[in-house]
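Structure at a glance
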Amino acid sequence: MNTSSSENAPIGVSRPTSTPHGNASRRNVVREPPRRLTPRLGPTGTHFHLAAHFGANYVKKYYHHTYLGLLWIPLLPVLDILMRALLFGGFLGVPSGDRPYLVFLLVGSIGWYFYDRTTLWSYRSLQFNRRDYRSVPVPWLPAVTGAVVPGALQGILYALIALVVCGYYRITEGSFYVSIGSGSTYAILGLLLLLLYAWTLGLLFAPLVRIIRDVRLVLRYVFAFWYMLTPILYSVQTIPARYQAIAVYNPLTAPVEFIRGGLLGTPLPTERSVVTSVVVLAALMPIAFLLFARAERAAHARL
Amino acid sequence: MSGFPAREQAVFGVDSADRDSGLSLEHVVKEYPPLGPMRARRFFSRLGGLQFDPALADRLADDEDEDDDFVGEEEEQEAVDRGGIGRKVVDHVSFEVQRGSRLALVGPPSAGKTVLLKMISGIVAPSEGRIVARGRVAPALNILAAAIPKDQKLGTALPYIAAVAGLPPGLVRSRLDEISDFMELPQLRTLPTLALDKRRRPEVLLATMLCLDPDIIVTDIPLALGSFAERCVQRLNELQTRGTILIAEARGARGLVPLPDRVLELDRGRIISDRLYDPATEKQRQAAG
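All figures in this text were calculated on a predicted structure; none of them were measured in a lab.

Let's talk about the overall build of chain B
Across its full length, chain B carries 12 helices and 9 strands. Evaluated residue by residue, chain B yields a buried proportion of 43% over its 289 residues. Contacts in chain B between residues far apart in sequence, at least 24 positions, make up 75% of those at least 6 positions apart.

Some points on the overall build of chain A
In terms of helices and strands, chain A carries 11 helices and 1 strand. Here chain A holds 303 residues, and 48% of them are scored as buried. If you take every contact in chain A between residues at least 6 apart in sequence, the share linking residues at least 24 apart comes to 70%.

With respect to the environment of B:Lys30
All names here are of chain B. Locating lysine 30 in the fold gives a position in strand S1 (residues 21–31). Remark: the alpha-carbon pair of lysine 30 and valine 93, spanning 63 residues in sequence, is separated by 9.6 Å. Contact partners of lysine 30, with chain neighbours within four places excluded, come to Lys88, Val89, Val90, Val115, Met119, Val124, Pro126 and Ser127.

Quick word on the sheet that holds strand S4 (residues 128–134) of chain B
In spatial order, the strands read S1(A)-S4(B)-S1(B)-S2(B); together these 4 strands make up an open sheet with antiparallel pairing. Either end of the sheet is taken by a strand with one partner, and the two such strands are strand S1 (28–31) of chain A together with strand S2 (88–98) of chain B. Averaged over all pairs of adjacent strands, the angle between their axes in this sheet comes to 15°, without regard to strand direction.

A short note on the environment of A:Val94
All names here are of chain A. Tracing the sequence through the fold places valine 94 in the loop between helix H2 (72–91) and helix H3 (101–128). Of the residues examined, valine 94 has 18 C-beta atoms within 10 Å and is grouped as partly exposed. C-alpha of valine 94 to C-alpha of valine 30: the two residues are 64 residues apart in sequence and 62 Å apart in space. Ignoring anything within four residues of it in the chain, the contact list for valine 94 reads Phe88, Gly89, Tyr101, Leu233 and Tyr234.

Some words on the nonpolar core
Membership of the largest hydrophobic core comes to 145 residues, with the highest contact counts inside it found for A:Leu106, A:Val107, A:Ala162, B:Ile120, B:Ile161 and B:Ile247. In terms of residue count, H3(A) provides more of this core than any other element does, 16 residues in total. Not counting residues up to four positions away in its chain, the partners in contact with A:Val107 are A:Ala162, A:Val178, A:Ile259, A:Arg260, A:Leu263 and A:Leu264.

With respect to the sheet that holds strand S9 (residues 270–276) of chain B
Residues and elements named next belong to chain B. With respect to topology, 6 strands assemble into an open sheet ordered S5-S6-S7-S3-S8-S9, the strand pairing being mixed. Across the chains shown, the open sheet's two edge strands, defined by having one partner strand only, are strand S5 (137–140) and S9. Mean inter-strand twist for the sheet, computed between neighbouring axes without regard to direction, equals 15°. Relative to S9, strand S8 (residues 262–267) runs antiparallel, the two being bridged by 6 bridges. When the sheet's bridge partners are listed, glutamate 265 is paired in S9 with serine 273. Here helix H5 (residues 113–121) sits on the sheet and contacts strand S3 (102–106), S5, strand S6 (216–219), strand S7 (245–250) and S8; the angle it forms with S7, its principal contact strand, is near 155°.

Observations concerning the packing of H3(A) against helix H8 (residues 213–229) of chain A
In a packed pair of helices, the relevant descriptors are the angle between the two axes and the axis-to-axis distance. Residues and elements named next belong to chain A. Between H3 and H8, whose axes approach to 12 Å, the crossing angle comes to 170°. Regarding the angle of H3 to H8, the classification is roughly antiparallel. Mapping the contact onto sequence places Trp112, Asp116, Thr119, Tyr123 and Arg124 in H3 and Arg216, Leu219, Phe223 and Tyr227 in H8. A per-class count over the contact of H3 with H8 returns 5 nonpolar, 1 polar and 3 charged.

Things to note about helix H6 (residues 148–173) of chain A
The periodicity of an α-helix, 3.6 residues per turn, causes residues three or four positions apart to be oriented the same way. Between its first and last C-alpha atoms H6(A) spans 36 Å; for 26 residues at 1.5 Å apiece the expected length is 38 Å, and the two agree. Downstream of H6(A) by a residue or two, A:Gly174 has a phi angle that is positive, lying close to 80°.

Let's talk about the packing of helix H7 (residues 184–211) of chain A against H8(A)
All names here are of chain A. Their axes nearest at 5 Å, the elements H7 and H8 cross at an angle of 130°. What the angle tells us is that H7 and H8 run oblique. Where H7 abuts H8, its residues Phe205, Leu208 and Val209 lie against Val215, Arg216 and Leu219. A breakdown of the residues in the contact of H7 with H8 according to their chemical character gives 5 nonpolar, no polar and 1 charged.

Re the pairing of S5(B)
Residues and elements named next belong to chain B. Side-chain alternation along S5 places Val137 and Pro139 on one buried face and Ala138 and Ala140 on a second face that is also buried. Examined bridge by bridge, S5 and S6 share 4 bridges and lie parallel to one another. Note on S6: the bridge partner recorded for proline 139 is valine 218.

Here we look at the confidence of the model for chain A
In the predicted model, chain A carries a mean pLDDT of 84, and the fraction of residues at 70 or more is 88%. A low-confidence stretch, residues 1–20 of chain A stays under pLDDT 50, and its non-local contacts, those more than four residues away or across chains, total 75 contacts.

Concerning unusual backbone geometry
The backbone of B:His27 shows a phi angle near 50°, a positive value even though the residue is not glycine. B:His27 gets classed as partly exposed once you count the C-beta atoms within 10 Å, which come to 14.

Some details on the confidence of the model for chain B
All names here are of chain B. For chain B, the mean per-residue pLDDT works out to 76, and 73% of the residues sit at or above 70. Averaged pLDDT values over the elements of chain B bottom out at 31 in helix H1 (residues 6–9) and peak at 92 in S6. Contacts for the low-pLDDT stretch residues 54–72, under 50 throughout, to residues beyond four places or in other chains number 19 contacts. Here the complex is predicted with pTM 0.76, and the ipTM for its interfaces comes to 0.71.

A word on helix H11 (residues 227–241) of chain B
Residues and elements named next belong to chain B. The terminal C-alpha atoms of H11, which comprises 15 residues, lie 21 Å apart, in line with the 21 Å expected from a rise of 1.5 Å per residue. All of the buried residues in H11 are Cys232, Leu236, Leu239 and Gln240. For H11, the angular spread of buried residues about the axis comes to 95°, placing them on one side. Those residues of H11 that are exposed and aimed more than 90 degrees away from the buried face are Ser227, Glu230, Gln234, Asn237, Glu238 and Thr241. Just beyond H11, the residue with positive phi is glycine 243, at close to 100°.

Conventions adopted
- Residues numbered from 1 in each chain as written.
- Chains lettered and ligands numbered in written order.
- Predicted model: local features only at pLDDT ≥ 70, side-chain atom pairs only at ≥ 80, totals over all residues.
- Helix = DSSP H or I, 4+ residues; strand = E, 2+ residues; numbered from the N terminus.
- Buried ≥ 20, exposed ≤ 12 C-beta atoms within 10 Å, placed from the backbone.
- Contact = placed C-beta atoms within 7 Å.
- Pairing = 2+ DSSP bridges.
- Axes fitted to C-alpha atoms, helices over the stretch in contact; angles between N-to-C directions.
- Core = buried A, V, L, I, M, F, W, Y, C linked by C-beta atoms within 7 Å.
- Parallel < 35°, antiparallel > 145°, perpendicular 65-115°, else oblique.
- Nonpolar A, V, L, I, M, F, W, Y, C, P; charged D, E, K, R; others polar.
- Expected span 1.5 Å × (residues − 1).
- pLDDT = per-residue confidence, 0-100.
- Arc of directions from axis to C-beta.

In structure tokens form, the structure reads like this:
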């Protein structure tokens, strides 16, 4: 198979040539039947443009047709965190060690909402952009990678709220609680793992969600349940011993614990938890890529 | 291009002696496969013991899903309308076009003209065969005009549509002023796409592609009379002198603006005639039906 060219070449070969306009950068483009096992990346330089376009559309969906407009973007996480902190930290008194529950919850939420929003928009991407994909075979991958835009936005918003809350505690209690230093590398590692999980699940489910509504309805509840199983609202140490295995073998425990450990200095995930997370990801990723590429090829062949 | 039938190897176009090939198609086939998603949907419908009813599903959807629908059903209907399932819409087509040529693809509906244009543009991949295009291919196709995002300003929508067509979006961004002048729309950057009527959207796309200095321009947008058409013809003439190939699609070659120098007639996905444009012959052919 040939290499791809810089322009107009979803498939094909390129080699420099002279053209009527004397631009040496223009190339011969060869179009052949697709034979690749990986998803289409599209011509060089267009992938990120399309991903940014789709990402902006996902963000717009949050405030589209509302009176408050853009204000909803910061308002949603603020209301969400206040409700959860009041319920779990206030009424139920969930322990959070030697730090306020609000700080504990916020730091865990940075990772979770980054993952959750990225996954949600990844698997919804093809169905959400169906009008763009209906007649023109735009590569599918940018729609999935674009999902990182709403995910990152949510993560940043929770991080900003955490900074404000920590600033408040710094003034009132003299402690900032969050430490940013060499340990923060663990937090970056955790975010990276979550991003890979989000994309993998997006690649796996997006082609199904595109054609079968039931999948999306089921996924909504699966992710809500997964949120409860992942130590966001509580720490692993507070889980009764007989249920510890659930947390250890939950592939998302390690990334969330990495983020919390990196920023709050809580214990890092156990070795078994990290291995589980990495092995599940390594097993799922190639399957997701292959299925996604196959579905994309089949759909594009029909256009 | 060795191995091509002699008729298809013939060189057409003005001043063809000293020019080389800008585009060649080798045994290109486009065949639509059966509809996979429909099989999956039917399986799930049977699993639930119900017939899948998208209308009912939409009614049951919550507010967040107010504008959701699912593509399988539409895809199937569109493919059936196209008459594409289970047959080759383009069947072993081979030809070569030299630089500076104006080629008209003519034929009845479902002859495979549009699919061929889409394949040359890279929008659709061939099922078999090979297309070699030298240089930048600029597709000004109705299908792309329809895909211009309606809720955006043209300054954002045009680079997006260029990216969809496989062209560098930055190139379009850098030519927005030129496109604006060409369209005689001074506020083009900030103009919402919805402000343009359906007829103007293809024109904006055509203007965009003409301003990108293409080596091959592929279009199914008809040019009528008027100042825009005149500017397009003038621009096409300029491009042609620099060797740009124009490939246009029409039911008949006589109505094309500007007139082609070569006509390729298709029927049921096959080339049935490859001839130089001659007004008298085309008139005769059109009269014959």
